[in-house]
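# Structure assessment
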Amino acid sequence: SHIYSSGSLQKAALVDINLEIQSGSCVAIIGITGSGKSTLVQHFNGLLRPTAGTVIVDGIDTNTKGVDLVELRHRVGMLFRFPETQLFEHTVFADVAFGPKRMKLGRHEIRTRVIRALEMVGLPAHDYGQRSPFDLSGGQKRRIALAGILAMTPSILVLDEPTVGLDADARTEFYSYLRRVQQEYGVTIILVSHDMAEVATLADWLIVLHNGHLVMQGTPRSIFAQGDLLRKWGLMPPPLSELLTELRKEGLTIPQEVFTLEEAYAVLQDICKKPRLA
């Protein structure tokens, strides 16, 4: 639990949250504005401490007296909204190198990490390293900010609304690199998002918050099949889930487990091939 206090005023931002995130997974935390999403993820690297209860991240109890928060934050990288506003160096290479330098790594190790991180986000150092980050597109700037976190080799990556403000192509590209980071490097990804369509395709597990309470959790397939319950918490299922629900209401026999566009297309093709009674 977490309570914000200001003088005599108190507000319960998180109430009896109990959850576990598996290493190497991609988990999305969803909920309407004010549900507690950002408060929750700020507990994962010690920016906030629980008012009551325990937060254990990669074996580290964040509430232990004298806990090494520097070490914790090396393990848990966080990317906040509009991270490109934090770019400040004169070159892309220097910006991505800033974090590793603060870790007091050797010059060769810093260079190796920067080159690898830029490759991971599709902006190779030989093409982009000496360019000014301020001359790049919005999507590229955000990927540079992501590379700066990845250069510190976190085992856990927390992203708070990472694609807000980007156009559809830039969002798709950004998420493709997140998938690569998870699949090729085994990084645990925790994603705060309002975009139901994106989390439906990216996340392995969904956590739904409402007014500081954990009200649902499960696979995207199981959560988005409960459209009426989601609406109770102020959320809308992805457009495809909504469409399939409407088609079922019209009498089409579409199994509840159908979830992806490919599955829906295959089922609808079969339905169209079946002979109709005159």
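These remarks concern the structure in this document. Sequence order as written defines residue numbering, which begins from 1 separately in each chain. Local features in this predicted model are restricted to residues whose pLDDT is 70 or higher, and side-chain atom pairs enter the listing and the counts only when it is 80 or higher, whereas totals over whole chains, interfaces and linings include all residues. The basis for every side-chain value is the complete set of heavy atoms in the structure, and neither hydrogens nor water enter the calculation.

## Focus: the side chain of Thr91
Tracing the chain through its elements places Thr91 in the loop between β6 (76-79) and α3 (92-102). Each polar contact in these results corresponds to two N or O atoms within 3.5 Å; when the atoms are within protein, one needs to be able to donate a hydrogen and the other to accept it, and residues that are neighboring in sequence are counted only if both atoms are side-chain atoms. Here Ala94 takes part through its backbone nitrogen, which lies 3.1 Å from a polar atom of the side chain of Thr91. Whether two residues are in contact is decided by their heavy atoms, any of which lying within 4.5 Å being enough. Setting aside residues no more than four positions away along its own chain, Thr91 makes contact with Gly129, Gln130, Arg131, Ser132 and Pro133. Counting from the N terminus, the helices are the DSSP runs of H or I reaching at least four residues and the strands are the DSSP runs of E reaching at least two.

## Notes on the sheet that holds strand β7 (residues 156-160)
Reading across the sheet, the six strands line up as β6-β7-β8-β3-β9-β10 and stay open at both edges, with mixed pairing between neighbours. Strands with a single pairing partner mark the edges of an open sheet, and in this sheet they are β6 and β10 (213-218). Each adjacent strand pair in this sheet contributes to an overall mean axis angle of 15°, direction not counted. Being paired, for any two strands, means DSSP has found at least two bridges between them. Pairing of β6 with β7, which is carried by four bridges, proceeds in the parallel orientation. Note on β7: the bridge partner recorded for Leu79 is Leu159. Every angle, taken between N-to-C directions, lies between 0 and 180 degrees, and every axis is a line fitted to C-alpha atoms, over only the stretch in contact when it is a helix. Running over the sheet, helix α6 (residues 138-150) touches β6 and β7 and is turned about 165° from β6.

## Observations concerning the pattern of salt bridges
Just to be clear on terms, a salt bridge is a Lys or Arg side-chain nitrogen sitting within 4 Å of an Asp or Glu carboxyl oxygen. Using the criterion set out here, one finds 12 salt bridges in the structure. Between Glu71 and Arg75 there is a salt bridge, with its nearest N and O atoms 2.9 Å apart. Of the two residues, Glu71 and Arg75 are both situated in helix α2 (residues 69-75); the distance of four residues between them amounts to about one turn of the helix. Here Arg143 ties to Glu173 by a salt bridge, and the two come within 3.1 Å at their closest N and O atoms. Residue Arg143 is found in helix α6, and its partner Glu173 is found in helix α7 (residues 168-185); the two are separated by 30 residues along the sequence. Taken together, the salt bridges that share partners define one network made up of Asp58, Glu71 and Arg75.

## What about the nonpolar core?
Of all hydrophobic cores here, the largest spans 51 residues; its most connected members are Val96, Leu118, Leu146, Leu159, Leu178 and Phe224. Here this core takes six residues from α6, the largest share from any one element. Once residues lying within four places of it in the same chain are set aside, the contact partners of Leu178 are Leu146, Leu157, Leu159, Ile189 and Leu202. The definition of a nonpolar core used throughout is a set of buried Ala, Val, Leu, Ile, Met, Phe, Trp, Tyr and Cys residues joined through side-chain atoms within 4.5 Å. Throughout, exposure labels follow a simple rule: accessible area from a 1.4 Å probe, protein chains only, divided by the maximum for the residue type, with under 20% read as buried, over 50% as exposed, and the rest as partly exposed. Counting residues in hydrophobic clusters, the runner-up holds 19 residues, among them Ile60, Val76, Ile190 and Ile207.

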